[in-house]
Amino acid sequence: MKNVARGALVPLGLLLLWEVAGRLGMIPVDSVSMPSSMWSAGATLLRDGVLLSATVQTLHTTLQGLAFAILLGVAVGIVFGLFPRVQGVVGPTLEVLRPVPPVAFIPLALLIFGFGVALEVSIIVLASVWPILIVTVAAVRGIEPRLIEVGRVLELSLVRRLKTIVLPATAARIGVGIRIAAGVALVVAITVEIVLNPRGLGYEMIVAQQKLQVDILFALILWTGCVGVLFNLLVAQVERRWLPRVS
Amino acid sequence: MTNGIRASSRSGEIPQSPTPSRPAASFSNVGLTYGSGDQARVILHGITFDVAEKRFVCIIGPSGCGKTTLLRMLAGLVTPTIGQVACFGDPVSGPSRQRAIVFQDYGKALLPWRTVWSNVALAFESGGLARSEQRDRSYAMLRRMRLEQVGELYPGQLSGGMQQRVQIARCLAQEPRLLLMDEPFGALDALTRQTLQDEFAQLVAEQGVTVVFVTHDLEEAIYLGDRVIALASDPGRIAEAIDIGLARPREQLATRASEDFQAHRRRLFHLLQEHER
């Protein structure tokens, strides 16, 4: 609790300065607003239900995209990790895709999926699968060779070997990849909404900007920051609860 | 190079079920070479010997002579470039539950995220037993190894000697016909090593399992083995194989002090020294 109070000191101080500067006419309130008007704009959004529904939309697509990215990244990562030859064949193709900025696929995804959830999810997957894939390959390669040999000598089936040895041995490291991917996923979700998808927090920002409602825009930005922090905490919590501890 | 090699007791091409007359392990002219051409490195050359069923055979030799590789071939983890390795008459083509291997680095061979009993239960996991049955059997094995008190702990919470006992428990739970040991006590302190040697010798006698035991410790080999095979290095080859006729059960002080023990020790010591040069 003490840490939270200490951490809140700087942002609260800045908001206070901002408010004072706005009231004294030291800053152009028309373009940078002030905390009190942001607060009331945010309260209005909350009362209208816009804030809640936009947040749910954004988080929903983010989680969906992240879930697909985890499935895809872990599955491909394990195959690449266990069978370096497969990576030799398929890897270079993926390496060409990786440096392309995910947003560059937005026009293509729009043609394929049209507006909506699928468009957003596809871009989120394209962006957030990489950290998971890379970390998983490294984690599988890093499994103690002895453990693999134990699995072979006991003639465990491939599925059982995955369940009893490969996944538990790599879970902690894959979890790190997932945390990185979660941050990327939220950023990309909002980017896609700002650029063209008519839903979620990003879309509300663009609407506010077009209506020149600076206070609403600021309220949304600050709210998005809070959502991001909460989302990362949630992912970290799930990871801590569900992934086995390797001591 | 062929002196001291036990004559094969294999009964030829006549098909029959495995009988004690069939060697538990047999190497015929086995060699292993890494690389080719100028870079070829011969690891093992012309290895031929049999291990009769229910015998305790120790393999000793200087480090780097290929004794661990020999054991890994028996486990099916390494394939020879020439010759054939067979177990109970069947050529070894890969790892098998029938051949358990105890690794020296016990810390790496146990699953750190599983409790002690659950590590032992790994041996039952491909058998389709219910979890409770796996647990009962694991605990039965742990009791034999006097480990039942630590069944719910994690390997990381145990001493080295205890961890190695857990690994041995898992390998025995596998009910192997052939137990392969790769310097299992090499990383332990002297006192723990002696305790484990005696415990292990007794377990093996009870279980009636064939053991191939690799060690760099001359005295350990003589103390435990019915037979000691000494390897020479560059390339790894058999220098000598001698039978140890010491009475069982053996006893740390009396056996080691006996004239026969000392004679074997002197002989193998000079032999290894000779090949060292």
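Throughout, residues of each chain are indexed from 1 in the direction in which the sequence is written. Chain labels run from A onward and ligand labels from 1 onward, assigned in the order the entries are written. In view of the model being predicted, local features appear only for residues whose pLDDT reaches at least 70, and side-chain atom pairs are presented and counted only at 80 or more, with totals across whole chains, interfaces and linings using the full set of residues. Excluding hydrogens and water, the side-chain figures rest on all heavy atoms present in the structure.

## A word on the packing of aromatic side chains
Any two aromatic rings considered together are summarised by their centre-to-centre distance and by the angle between their planes. All names here are of chain B. Centre distance within 6.5 Å is the pairing criterion for rings of Phe, Tyr and Trp, where only the six-membered ring of Trp is used; planes under 30 degrees apart are then read as stacked, over 60 as edge-to-face, and the remainder as tilted. Throughout the structure, instances matching the rule amount to 7 aromatic pairs over all chains. Ring geometry for F56 against F200: centres 6.0 Å apart, planes inclined by 80 degrees, an arrangement best described as edge-to-face. Taken together, the positions of F56 in strand β3 (residues 56–60) and F200 in helix α6 (residues 190–207) put the pair 144 residues apart, joining distant regions of the chain. Partly exposed residues are those whose accessible area sits between 20% and 50% of the maximum for their type, while under 20% is buried and over 50% is exposed, using a 1.4 Å probe and protein chains only. Note on F56: relative accessible area 4%, which makes it buried. Owing to a relative accessible area of 2%, F200 belongs among the buried residues under this scheme. Ring geometry for F56 and F213: centres 5.7 Å apart, planes at 35 degrees, overall tilted. Remark: F213 occurs in strand β8 (residues 210–214) and F56 occurs in strand β3; sequence separation between them is 157 residues. Comparing F56 with F213, the two get one shared label, buried. Clustering of aromatic rings is evident, with ring pairs tying together F56, F185, F200 and F213. Criterion for a charge above a ring: Lys NZ or Arg CZ within 6 Å of the ring centre, and within 35 degrees of the ring normal. A cation over a ring is seen here: R137 above F124, with NZ or CZ 6.0 Å from the ring centre. Helix and strand definitions here come from DSSP, where helices need a minimum of 4 consecutive H or I residues and strands a minimum of 2 consecutive E residues; each element is numbered from the N-terminal end.

## Some thoughts on helix α9 (residues 158–195) of chain A
Every helix has an expected span of 1.5 Å times one less than the residues it contains. End to end, α9 of chain A covers just 44 Å across 38 residues, shorter than the expected 56 Å (1.5 Å per residue, more than 12% under). We define the bend at any residue as the angle between the axes fitted to the seven residues before and including it, ending there, and the seven starting there. Most pronounced at A171 of chain A, the bend in α9 of chain A amounts to some 55 degrees.

## Points about the sheet that holds strand β4 (residues 82–87) of chain B
Residue and element names in this part refer to chain B. Strand pairing requires that DSSP identify at least two bridges connecting the strands. An order of β2-β1-β4-β5 is seen for the 4 strands of this open sheet, with the pairing classed as antiparallel. Edge positions in the sheet fall to β2 (41–51) and β5 (90–91), since each of these pairs with one other strand and no more. Contacts between helix α1 (residues 67–75) and the sheet are confined to β1 (25–34), β2 and β4, with β1 contributing the most and set at about 120 degrees to the helix. When checking whether two residues touch, look at their non-hydrogen atoms; a contact exists if any pair is within 4.5 Å. Fitting a line to C-alpha atoms yields each axis, with helices limited to the stretch in contact; the angle taken between N-to-C directions then spans 0 to 180 degrees.

## Quick notes on empty space enclosed by the protein
Put simply, the grid is 1 Å and covers the protein atoms alone, a cavity is a trapped set of points that fit a 1.4 Å probe, a pocket is an open set with protein on both sides within 12 Å along at least five of seven lines, and lining residues have an atom within 4 Å of a point. Grid points are joined across faces, edges and corners, and a volume is the space filled by probe spheres set on the points. Scanning the model with the defined rule gives 2 cavities of 30 Å³ or more in all. Roughly 60 Å³ of volume is contained in the largest cavity. Surrounding the largest cavity, V150, V153 and L154 of chain A together with I101, F103, Q167, R170, C171 and Q174 of chain B form its lining. Elements supplying a minimum of two residues to the lining of the largest cavity: α8 (145–153) of chain A together with α5 (160–173) of chain B. Taken as a whole, the second largest cavity holds about 30 Å³ of empty space. Along the walls of the second largest cavity sit L97, V100, P102, F105, L126 and W130 of chain A, which together make up its complete lining. Basically, the charged four are Asp, Glu, Lys and Arg, the nonpolar ten are Ala, Val, Leu, Ile, Met, Phe, Trp, Tyr, Cys and Pro, and anything else, Gly included, counts as polar. Residue composition of the lining of the second largest cavity, by class: 6 nonpolar, no polar and no charged.

## Focus on the nonpolar core
Membership of the largest hydrophobic core comes to 127 residues, with the highest contact counts inside it found for L179 and F200 of chain B. Counting 11 residues, the second-largest nonpolar core is a separate cluster that includes A54, I190, A208 and L220 of chain A. We define a nonpolar core as any set of buried Ala, Val, Leu, Ile, Met, Phe, Trp, Tyr and Cys residues linked to one another through side-chain atoms lying within 4.5 Å.

## Focus on the packing of helix α1 (residues 2–23) of chain A against helix α3 (residues 35–48) of chain A
Residue and element names in this part refer to chain A. Running from amino to carboxyl end, α1 crosses α3 at an angle of 105 degrees, the nearest separation of the two axes being 8 Å. It follows that α1 is roughly perpendicular to α3 by the angle criterion. Residues L15, W18, E19 and R23 of α1 form the contact with α3, whose own contacting residues are P35, S36 and M38. Taken together, the residues of the contact of α1 with α3 break down into 4 nonpolar, 1 polar and 2 charged. An angle below 35 degrees is treated as roughly parallel, one above 145 as roughly antiparallel, one from 65 to 115 as roughly perpendicular, and anything else as oblique.

## Description of the environment of L71 of chain A
Counting through the fold element by element, L71 of chain A comes out in helix α4 (residues 50–82). Taking the relative accessible area as the measure of exposure, L71 of chain A reaches 60% and is therefore exposed.

## Thoughts on the pairing of β1 of chain B
Residue and element names in this part refer to chain B. Relative to β2, β1 is paired through 7 bridges, and the arrangement is antiparallel. Bridge assignment links S26 to a residue of β2, and that residue is D50. Linkage of β1 to β2, two consecutive antiparallel strands, is achieved through a turn of 6 residues, within which G35 is found at a positive phi near 75 degrees.

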